[in-house]
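Observations on the three-dimensional arrangement
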Amino acid sequence: MGSIVCATRGGEGSRAAQMAAIEQAKATDKPLIFLYVVDPHSLDDEIDESLREALLAELNWMGETLLRIAQKRADAAYLGTEVRIRRGNVRDEITRFVKDVKADLLVLGAPRGTTANVFGDDAIERLGKWIEEHTAVSVQITRPDYVKSKKEPATR
Amino acid sequence: MGFPVLPDQLPQLLLAQENGGLVQQELSLMILLFIAAMVAIVVRRIRLPYTVALVLVGLVLSFFPNFLGFTVSSDLILAILVPPLIFEATLHIPWRSLKKDLLPVLLLAVFGTLVGTFLVGGLVVEFLGIPWPAALAFGALISATDPVAVIAFFRSLGVSKRLTILVEGESLFNDGVAIVIFNLALAAGTASSSLGLGEALQEFSIVAFGGVAVGLVMGYVVSYIILKNVDDHLIETATTVALAFGSFVVAESFGQFVGVEGLHFSGILAVVAAGLMVGNIGTLNTSPTTKLTLDNFWEFLSFVVNSLVFLLIGLEIELSQLRPNIIPIIVAVVAIILSRGVIIYTFGWVYGRFQPRNRIPLNFQHVMYWGGLRGAISLALALSIENAVFGSDVALELRVMTFGVVLFTLLGQGMTIEKLIQRLKLADKPPQRVELQRRQATLFAKWAGQHELGRLRDNGILFRDIWESMNQVYDEEILEKKANLRAHLQDFPELEQEMYLQAREDALNAERSAIGEASRRGLISNEVHDELIIELNNRVAALDLIKKNRGLDVENKEVHHG
């Protein structure tokens, strides 16, 4: 049985994506994995070389926190989950990861309005399409409005 | 040729022996402070910049000729009132942010002031026939921008940090530069001395770099020797006061300390450098208590001094002189508006060509242009022009032109800058963020109330059964407030990310304070302290980058038309 992967970065659409993924996992009884990708080159244009190590450490810290938040949301819905941090180019790492874990579904969050400059230079729809074309995984894109229509389980 | 304040003259300045007795002067001061407090209360209800309101009230008070028990001299403004204002402003400028824009700030402060001096000077010579040295002195003194009113708007409207740094940084450095050029022009105006261009540049460099060096050394000593090793918030705060005034006096009277007659440096630039050093390094070595005391003390002192400065500006403007000199005033106002426009837009364009990745957005340039208000420094320099230098008629004309320009910029530009900022969509306080703060603060307040009840119960002041009932009500209220907060975050999920990033920044700052505390207690060596502080500074800088990358800082946000 394949798994569900929810790639999260803590942005505007993250919670919606996490909730959609939790719902899908509960409905299909498939294992859910939350994924966060630390991209060492995401800020290449503006980064001072002396800051690179600190930036990676800080992105990693953020990833660990965000994954714990996602996991707590799943816990509150009585769903056990796994979390993973990968390092590399966002598109390549997500693609590699969904292949590695033989995922059936990838859930991505998108902000309201434009999605340019989210996940590297790709608009998120393009990213989803690219992954679908290069893997056998379906991609679901969720926007913040999804949360409004659902009652989020309370976390402490 | 330097600013003529010597250490042994300061007590005399403080006692202000010129007019009236000490009691009368003290009474005037108290009345001014009371008036300032009243003005502050009133402007909370109307959308008028505090400083502008103070000037207007000062103008009204100027109808009472003997209102003040002392004369407002340039010494009083420059040596007593300006250093604490500049010191307080620099305390809050993060070096990390200033460093990113140090080049445009310095270029604007140095070359902008020079170009402005000659442009305004040239127009004044052309249209008013004022002699060149006097026109250049006016061009220099009127080039010193005073963004107090503008910065107050920036803070209340939530304008980008970068724009604040550009405006505040330019102003801090151009004050020092303008004073140096002004003194050179005065020297050129006296028959006893004449300066060639090379000599003037040499003098300019010595005075400017010397001032910065004095400030850095004194700031370093205070940061590393006193703030790092003494753990007493009162002593540490007193030391910063001594530094603010001391760096000014030492720089201005440097020759006296080293036995070289006539040697002096820029006091203002010394205060700028000392403030930057203490604000960025010194406060890292202090406890949270000291930091809080420093912030509160300097905020209070800056409020008091600012209030006095702007009331005194209003009081000093001779309304009766404005009307007969309306033509020179109009020429001066047009000259500063034109020259500021030429400087900002030409510089912005050229800088953008050479530094495309760090260019200054056009809407920032509009605010920098229209936000170039003039205030205390210009007025103090105008008051310091002695009749003997350019003749009494020219000296009076320059003073009145300065009053006119200060009045125009404060009233005309100061009262319209808010509209401009909003029109350019540079105000960044979306209602959902304000609502988040409101809901967080309400929850925080409820918790504090519940905590206090627990304390009263523990101390036996509150009976348990009463406490239980009150506590239950609080529990219910807290649950409700939590649900409200959660609902708001559900409606605006982007706020969750902001909440995380803000909390992370606070946590890193707390880690930094803890390292300082460990060093003060002698638990870790200086080397370990420095190493860990650098590491934490890098983590904070990295967090800033993440914020910027995620669009949570409005730096470089630009309005695209069409």
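Residues numbered from 1 in each chain as written. Chains lettered and ligands numbered in written order. Predicted model: local features only at pLDDT ≥ 70, side-chain atom pairs only at ≥ 80, totals over all residues.

**Some points on the overall build of chain B**
- In terms of helices and strands, chain B carries 25 helices and zero strands.
- In chain B, which comprises 562 residues, the proportion classed as buried is 40%.
- Look at the contacts in chain B between residues 6 or more apart in sequence, and 81% of them connect residues 24 or more apart. (Helix = DSSP H or I, 4+ residues; strand = E, 2+ residues; numbered from the N terminus. Buried ≥ 20, exposed ≤ 12 C-beta atoms within 10 Å, placed from the backbone. Contact = placed C-beta atoms within 7 Å.)

**Looking at the packing of helix α3 (residues 50–61) of chain B against helix α14 (residues 288–316) of chain B**
All names here are of chain B.
- Close contact between α3 and α14 brings their axes to 6 Å; oriented N to C, the two are set at 45°. Here α3 is positioned oblique relative to α14, judged by the angle of their axes. The way α3 lies across α14 gives a crossing that is right-handed. Here α3 contributes T51, L54, V55, L56, V57, G58, L59 and L61 to the contact with α14, which in turn contributes N306, S307, F310, L311, L312, I313, G314 and L315.
- By residue class, the composition of the contact of α3 with α14 is eleven nonpolar, five polar and no charged. (Axes fitted to C-alpha atoms, helices over the stretch in contact; angles between N-to-C directions. Parallel < 35°, antiparallel > 145°, perpendicular 65-115°, else oblique. Left-handed = near helix turned anticlockwise from the far one by under 90°. Nonpolar A, V, L, I, M, F, W, Y, C, P; charged D, E, K, R; others polar.)

**So, the interface of chain B and chain A**
- With 16 residues of chain B at the contact, the number on the chain A side is 20 residues.
- Breaking the side of chain B that touches chain A down by element, the ones donating at least two residues are α23 (464–491), α24 (494–520) and α25 (526–549) of chain B.
- When residues in the side of chain B that touches chain A are grouped by element, the largest group, eight residues, is from α25(B).
- Split by residue class, the side of chain B that touches chain A holds seven nonpolar, four polar and five charged.

**Some remarks on the pairing of strand β1 (residues 3–7) of chain A**
Residue and element names in this part refer to chain A.
- Judged by how many residues are buried, β1 sits mostly within the fold: four of five residues are covered.
- Across five bridges, β1 lies against strand β4 (residues 103–109) in parallel orientation. Across the sheet, V5 pairs through a bridge with L106, a residue of β4.
- Sheet topology note: the β1/strand β2 (residues 32–38) ladder contains four bridges and is parallel. Its bridge partner being in β2, I4 is matched across the sheet by L32.
- In this view, the connection linking β1 to its parallel neighbour β2 by way of helix α1 (residues 14–28) has right-handed handedness. (Pairing = 2+ DSSP bridges. Right-handed = clockwise from strand over helix to strand, strands pointing away.)

**Focus on the confidence of the model for chain A**
- A residue-level look at chain A finds 83% of positions with pLDDT of 70 or above and a mean pLDDT of 84.
- Confidence over residues 115–122 of chain A falls short of pLDDT 50; this stretch has 17 contacts with residues more than four positions distant or in other chains. (pLDDT = per-residue confidence, 0-100.)

**Regarding α3(B)**
Residues and elements named next belong to chain B.
- With twelve residues, α3 extends 16 Å between its outermost C-alpha atoms, agreeing within 8% with the 16 Å of an ideal straight helix rising 1.5 Å per residue.
- Every buried residue of α3 is listed here: Y50, T51, V52, A53, L54, V55, V57 and G58.
- Buried residues belonging to α3 abut α2 (22–43), α8 (148–157), α14 and α20 (392–413). (Expected span 1.5 Å × (residues − 1).)

**Things to note about the environment of B:G262**
Residues and elements named next belong to chain B.
- Mapped onto the elements, G262 comes out in the loop between α12 (254–258) and α13 (267–280).
- For G262, a count of 9 C-beta atoms within 10 Å translates into the label exposed.
- In the structure, G262 is positioned ten residues away from E252 in sequence and 9.7 Å away in space, judged by C-alpha atoms.

**With respect to the nonpolar core**
- Ranked by internal contacts, the top residues of the largest apolar core, which has 127 residues, are B:A137, B:F138, B:L141 and B:F182.
- The greatest single-element share of this core, amounting to 15 residues, is contributed by helix α9 (residues 161–189) of chain B.
- B:F182 has contacts with B:A137, B:A140, B:L141 and B:L381, leaving out every residue within four places of it along the chain.
- A:A20, A:I94, A:I131 and B:L545 belong to the second-largest nonpolar core, a separate cluster that totals 45 residues. (Core = buried A, V, L, I, M, F, W, Y, C linked by C-beta atoms within 7 Å.)

**A word on the environment of A:I22**
Residues and elements named next belong to chain A.
- Checked against the element boundaries, I22 lands in helix α1.
- Residue I22 is classed as buried on the basis of its C-beta count, with 27 C-beta atoms lying within 10 Å.
- In this structure the C-alpha to C-alpha distance between I22 and R73, which are 51 residues apart in sequence, comes to 8.4 Å.
- Here I22 is in contact with L32, R73, A74, A77 and L79, once residues within four sequence places are set aside.

**Re α2(B)**
- With 22 residues, α2(B) ought to run about 32 Å at 1.5 Å a step, and its terminal C-alpha atoms sit 31 Å apart, in line with that.
- Buried residues along α2(B) sit against α3 and α14 of chain B.

**Some details on the sheet that holds β2(A)**
All names here are of chain A.
- Read across the open sheet, the five strands follow the order β3-β2-β1-β4-β5; overall the sheet is parallel. The outermost strands of the open sheet, each flanked by one partner alone, are β3 (81–87) and β5 (138–142). Mean inter-strand twist for the sheet, computed between neighbouring axes without regard to direction, equals 25°.
- Sitting on the sheet, α1 is in contact with β1, β2, β4 and β5, with an inclination near 155° to β4.
- Running at roughly 165° to β2, helix α2 (residues 52–76) makes contact with β2 and β3 of the sheet.

**Quick look at unusual backbone geometry**
- The phi dihedral of A:D29 falls on the positive side, at around 65°, and the residue is not glycine.
- On the basis of neighbour count, A:D29 is assigned to the exposed category, with 8 C-beta atoms found within 10 Å.
- Residues other than glycine seldom take positive phi values, yet B:K425 does so here, at roughly 60°.
- In this fold, B:K425 is placed in the loop between α21 (417–423) and α22 (431–458).
- By C-beta crowding, B:K425 is classed as exposed, having 12 other C-beta atoms within 10 Å.

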